[in-house]
Amino acid sequence: MTTCIICRFGTELDDVAVAGAGGRCVCLRCYARETETARPMPKSLRREVTAALADVQFA
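As a convention, each chain's residues are numbered from 1 in the sequence order in which they are written. Given that this is a predicted model, residues contribute local features only at a pLDDT of at least 70 and side-chain atom pairs are listed and counted only at 80 or more, while totals for whole chains, interfaces and linings are drawn from all residues. Just so you know, side-chain values use all the structure's heavy atoms and leave hydrogens and water out.

Chemist: Hey, could you run me through the sheet that holds strand β1 (residues 2-4) in this one?
Modeler: Whether parallel or antiparallel, the strands of a sheet pair through hydrogen bonds between backbone atoms. A pair of strands is treated as paired once DSSP finds two or more bridges between them. Secondary structure elements are defined from DSSP: runs of H or I of at least 4 residues count as helices, runs of E of at least 2 residues count as strands, and each element is numbered from the N terminus. Overall, mixed pairing links the four strands, which are arranged β2-β1-β4-β3 in an open sheet. Edge positions in the sheet fall to β2 (10-11) and β3 (16-19), since each has one partner strand and no second.

Dropping the structure here:
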């Protein structure tokens, strides 16, 4: 796990936009915010994801 140099949260490798040395990175969320390329999730997709997660049985 790496740490975002902007938000300081731990970031999984698949959520890294820009990797750096020493376990440092810029996460996708911060990258999108700083470059003004963030796009909101459509409400219909959010409802579908919420419904799918509600159907998942956690052991």
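Chemist: What's the story with the pairing of β3 in this structure? I'm lost.
Modeler: Each regular strand shows side chains that alternate between the opposite faces of the sheet. Bridge count for β3 against strand β4 (residues 24-27) is three bridges, and the pairing is antiparallel. The residue of β4 that forms the bridge with Ala-19 is Cys-25. Hairpin connection between β3 and β4: a loop of four residues separates the two successive antiparallel strands, and Gly-22 in this loop has a positive phi of roughly 70°.

Chemist: In this structure, what is going on with the nonpolar core? I would like to understand it.
Modeler: Generally speaking, nonpolar side chains in soluble globular proteins are found buried as a group. Residue types Ala, Val, Leu, Ile, Met, Phe, Trp, Tyr and Cys, when buried and joined through side-chain atoms within 4.5 Å, form a set referred to as a nonpolar core. Only protein chains enter the calculation, and the probe is 1.4 Å; a residue is then buried if its accessible area is under 20% of its type maximum, exposed if over 50%, and partly exposed in between. One finds Cys-4, Val-16, Cys-25, Val-26, Cys-27 and Cys-30 forming the largest nonpolar core, which totals six residues. For this core, the leading source of residues is β4, giving three residues. By definition in these notes, contact holds between two residues if any of their heavy atoms fall within 4.5 Å. Here Cys-30 is in contact with Cys-4, Ile-6 and Cys-7, once residues within four sequence places are set aside.

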